[in-house]
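Here are the chains, one letter per residue:
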Amino acid sequence: MTTAAGPASQDTPLTPAVFAILLALADGEKHGYAIMLEARQHSAMGPGTLYGSLDRLLANGLIAETGFTDDERRRYYRLTASGRQALAAEAARMQQAVARVRRKGIKPQEAGA
């Protein structure tokens, strides 16, 4: 797996911001503002966090620019195969964490509870 900062082991979790960005792109390409709107549902994220993370994700090959633009100020991004793999590995890590929590007798609360 790769984190936003660079290569890491399979046990290294993604940051909440990186996870939210990759998850936002899992269903198709989006421009930065659309990514931020969706990612805010999962992580407190402002423009500085978003664009800094996008730059690192681009540099590490987890996302790519599509080259499409409908406005010269907008850049569109898509998930790469490596990004999809990192997202899937993080989802598996999260599932394992929830299973460990349940084995300890703790019931996860519903969102918003």
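Residues numbered from 1 in each chain as written. Predicted model: local features only at pLDDT ≥ 70, side-chain atom pairs only at ≥ 80, totals over all residues. Heavy atoms only, no water.

(A) The packing of helix α2 (residues 32–39) against helix α3 (residues 47–59), seen in detail. Two elements in contact, α2 and α3, have axes whose closest approach is 10 Å; the angle formed by their N-to-C orientations is 115°. Judged by the twist between their axes, the crossing of α2 over α3 is right-handed. Residues Gly32, Tyr33, Ile35 and Met36 of α2 lie in contact with α3, whose contacting residues are Pro47, Leu50, Tyr51 and Leu54. Its residues placed into classes, the contact of α2 with α3 shows seven nonpolar, one polar and no charged. (Axes fitted to C-alpha atoms, helices over the stretch in contact; angles between N-to-C directions. Helix = DSSP H or I, 4+ residues; strand = E, 2+ residues; numbered from the N terminus. Left-handed = near helix turned anticlockwise from the far one by under 90°. Contact = heavy atoms within 4.5 Å. Nonpolar A, V, L, I, M, F, W, Y, C, P; charged D, E, K, R; others polar.)

(B) Examining a nonpolar patch on the surface more closely. There is a patch of nonpolar side chains on the surface, built from Tyr33, Leu37 and Tyr51 and spanning about 300 Å² of accessible area. You can see Tyr51 is positioned in helix α3. In this structure Tyr51 comes out as partly exposed when scored by relative accessible area, which is 36%. (Patch = residues over 30% accessible without salt bridge, like charges linked within 9 Å, V, L, I, M, F, W, Y side chains within 5 Å. Areas by Shrake-Rupley, 256 points an atom, 1.4 Å probe, with all protein chains shown as cover. Salt bridge = Lys/Arg side-chain N within 4 Å of Asp/Glu carboxyl O. Buried < 20%, exposed > 50% of the residue type's maximum accessible area, 1.4 Å probe, protein only.)

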